[in-house]
Amino acid sequence: MLIKRRRGWEIPDREATPEALVLRRRDAMAGAVAVSVAMPTIIAPAAARADSAPVPRNPKYTVDRALTAEKNATTYNNYYEFSDDKDLWQDAQALHQRPWSIELAGMLPKPRTIGLDDLLKQFQLEERVYRHRCVEAWAMTVPWTGFPLSQLVKLAEPLGSAKYVVFQTIQDKTMPGLSAPYYPFPYTEGVTMDEANNDLAFMVTGLYGKPVPPQNGGPIRLALPWKYGFKSAKAIIKITFTDQRPHTFWEAIQPSEYGFWANVNPEVSHPRWSQASERLLGSNERVPTRLYNGYAEFVGGLYQNLNGEKLFM
Ligand SMILES: Nc1nc2c(c(=O)[nH]1)N[C@H]1C(S)=C(S)[C@@H](COP(=O)(O)O)O[C@H]1N2
Ligand SMILES: [Mo]
């Protein structure tokens, strides 16, 4: 990792958030570049947990926007198991992040359950700055820590006949929203095997260089930055490989508004609002939305032979 070369996500100092400064120093560490005397205080809190140690940032995915301030990204959340209000972050602190394990199920030679820390030991964690676009037309840009979903698929060794990967969120007694009678919990999401193996699909264990907090989906969630945010399930406890397209949470609630594919497209409106622009968390600035949320060069090829599918809802 080089820090001398200016990359797309690097923003002028006058616009930089404190998070951005910390992250740049962490980049310096990861690249073993000569470090300033300020460094040790930055890395001192690094705990034994694999999801909180400094990791190198992947320079492949750049963004042309400033990072969202950590405070905005961690205090304005969608997490219906807790609430359908955005200010659920304090309530979400009750969800224990350890012990945690993930069940690998379905079309596998060896279905099994793996402890999260044992799982994380098998992967090289990296940091990626991704845009996130909620179907409600707000957006953020944040540094996630994690590993490509494709590596987990490889570890699971699904049978060749498996076509989809399905993610299920925990249902825990600390989640007051679960008692709402009209939501089809557990929260279930899924992608095709091709999408799961696309390098952009990312399993997230960290945010702003720290373990991803409970309100953002800790201890482990998905990030599928070319799709509307609802596809990126939080607090994952089960991953199933199947040949059946899953019936997902939002699709079950309102199939005319939320589909299986949910790829971002500014020209395809939600039935109740335009998707042409989005509001940036923090500044509230409105900016144009981009096809596949700006990731067309990486994922456009996935959809070339899928005419007739409702790819953008
Ligand atoms: N389990 C679960 N995962 C979820 C949701 C949810 O309500 N429950 N909301 C989704 C939606 S609509 C969005 S926009 C993102 C929000 O992630 P954030 O709170 O980290 O911004 O999480 C997604 N994952
Ligand atoms: Mo969302």
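Below, the structure is looked at part by part. Everything quoted here is computed from the prediction, not taken from an experiment.

### What to know about the overall build of the protein chain
Phase 1: What the protein chain contains, in helices and strands, is nine helices and 12 strands.
Phase 2: Going through the 313 residues of the protein chain one by one, you find that 53% of them count as buried.
Phase 3: Long-range pairs, those at least 24 residues apart, make up 71% of the contacts in the protein chain between residues at least 6 apart in sequence.
Phase 4: When the accessible area of the protein chain is evaluated, it comes to approximately 13800 Å², of which 53% is carbon and sulfur surface.

### Focus: the environment of Phe 185
Phase 1: Assignment of secondary structure puts Phe 185 in the loop between strand E5 (164-169) and strand E6 (188-192).
Phase 2: Residues Phe 185 and Tyr 80, spaced 105 residues apart in sequence, show a C-alpha to C-alpha distance of 9.3 Å.
Phase 3: Contacts of Phe 185, omitting those with residues within four sequence positions, involve Tyr 80, Glu 81, Gln 171, Gly 177, Leu 178 and Phe 249.

### Side note on the sheet that holds strand E2 (residues 112-115)
Phase 1: Read across the open sheet, the five strands follow the order E2-E1-E10-E5-E6; overall the sheet is mixed. A strand with exactly one partner marks an edge of an open sheet, and here the two such strands are E2 and E6. Strand-to-strand twist of the sheet, defined as the mean angle between neighbouring strand axes without regard to direction, takes the value 20 degrees.

### Focus on the pairing of strand E1 (residues 101-106)
Phase 1: Looking at chain direction, E1 and E2 are connected through four bridges and run antiparallel. In the strand pairing of E2, Glu 103 is matched with Thr 113.
Phase 2: Two strands pair when backbone bridges link them, and E1 and strand E10 (residues 236-242) are joined in this way by four bridges, in the parallel orientation. Among the inter-strand pairings, Gly 106 is bridged to a residue of E10, identified as Phe 241.

### Considering helix H6 (residues 149-156)
Phase 1: Burial runs high along H6: six of the eight residues are buried.
Phase 2: Along H6, the residues that are buried comprise Leu 149, Ser 150, Leu 152, Val 153, Leu 155 and Ala 156.
Phase 3: Immediately downstream of H6, the backbone of Glu 157 shows phi near 55 degrees, a positive value.

### Comments concerning the packing of aromatic side chains
Phase 1: Within the structure shown, the criterion is met by 22 aromatic pairs.
Phase 2: Taking 4.9 Å as the distance between ring centres and 70 degrees as the angle between the ring planes, the aromatic pair formed by Tyr 61 and Phe 298 counts as edge-to-face. Note that Tyr 61 is positioned in the loop between helix H2 (39-43) and helix H3 (70-73) and Phe 298 in helix H9 (residues 296-299), a separation of 237 residues in sequence.
Phase 3: Tyr 61 gets classed as buried once you look at its relative accessible area, which sits at 1%.
Phase 4: Among the residues examined, Phe 298 registers a relative accessible area of 25% and is labelled partly exposed.
Phase 5: A cation over an aromatic ring shows up here: Arg 131 above the ring of Tyr 295, its NZ or CZ 4.6 Å from the ring centre.

### Re the site of ligand 1
Phase 1: Lining the immediate environment of ligand 1, one finds 19 residues, of which Tyr 80, Glu 81, Arg 221, Ser 232 and Lys 234 sit closest.
Phase 2: Note that a nitrogen atom of ligand 1 is positioned 3.3 Å from one of the backbone N or O atoms of Asn 78.
Phase 3: When ligand 1 is considered free in solution it has 540 Å² of accessible area, and contact with the protein chains removes 99% of it.
Phase 4: Looking at the shell around ligand 1 residue by residue, the class counts come to eight nonpolar, eight polar and three charged.

### Notes on the side chain of Glu 127
Phase 1: Within the secondary structure, Glu 127 sits in strand E3 (residues 126-133).
Phase 2: Take Glu 127: its relative accessible area is 0%, and that puts it in the buried class.
Phase 3: Engagement of the side chain of Glu 127 in a polar contact is seen with the side chain of Arg 57, the distance being 3.0 Å.

### Focus: the pattern of salt bridges
Phase 1: Under the criterion given, the structure shown has 16 salt bridges.
Phase 2: In this structure, the salt-bridge partner of Glu 278 is Arg 65, at a minimum N-O distance of 2.9 Å. Remark: Arg 65 occurs in the loop between H2 and H3 and Glu 278 occurs in strand E11 (residues 277-280); sequence separation between them is 213 residues.
Phase 3: On the basis of relative accessibility, which here comes to 0%, the residue Glu 278 falls in the buried class.

### Looking at the nonpolar core
Phase 1: Judged by nonpolar contacts, the single largest core of 82 residues is most densely connected at Trp 144, Phe 167, Met 203 and Ile 239.
Phase 2: Once residues lying within four places of it in the same chain are set aside, the contact partners of Trp 144 are Glu 126, Glu 127, Arg 128, Tyr 130, Phe 202, Val 204, Gly 206, Leu 207, Val 212, Arg 221 and Ala 223.

### Re a negative patch on the surface
Phase 1: On the surface, a cluster of negative charge is contributed by Asp 84, Asp 85, Asp 87 and Asp 91.
Phase 2: Looking at the element boundaries, Asp 91 is found in helix H4 (residues 89-92).
Phase 3: Taking the relative accessible area as the measure of exposure, Asp 91 reaches 46% and is therefore partly exposed.

What counts and what doesn't
- Residues numbered from 1 in each chain as written.
- Chains lettered and ligands numbered in written order.
- Predicted model: local features only at pLDDT ≥ 70, side-chain atom pairs only at ≥ 80, totals over all residues.
- Heavy atoms only, no water.
- Helix = DSSP H or I, 4+ residues; strand = E, 2+ residues; numbered from the N terminus.
- Buried < 20%, exposed > 50% of the residue type's maximum accessible area, 1.4 Å probe, protein only.
- Contact = heavy atoms within 4.5 Å.
- Areas by Shrake-Rupley, 256 points an atom, 1.4 Å probe, with all protein chains shown as cover.
- Pairing = 2+ DSSP bridges.
- Axes fitted to C-alpha atoms, helices over the stretch in contact; angles between N-to-C directions.
- Phe/Tyr/Trp six-rings, centres within 6.5 Å; stacked < 30°, edge-to-face > 60°.
- Lys NZ or Arg CZ within 6 Å of the ring centre and 35° of its normal.
- Near = heavy atom within 4 Å.
- Polar contact = N/O pair within 3.5 Å; in protein donor to acceptor, adjacent residues only side chain to side chain.
- Nonpolar A, V, L, I, M, F, W, Y, C, P; charged D, E, K, R; others polar.
- Salt bridge = Lys/Arg side-chain N within 4 Å of Asp/Glu carboxyl O.
- Core = buried A, V, L, I, M, F, W, Y, C linked by side-chain atoms within 4.5 Å.
- Patch = residues over 30% accessible without salt bridge, like charges linked within 9 Å, V, L, I, M, F, W, Y side chains within 5 Å.
- Lys, Arg positive; Asp, Glu negative; His and termini not counted.
- Charge placed at Lys NZ, Arg CZ, Asp CG, Glu CD.

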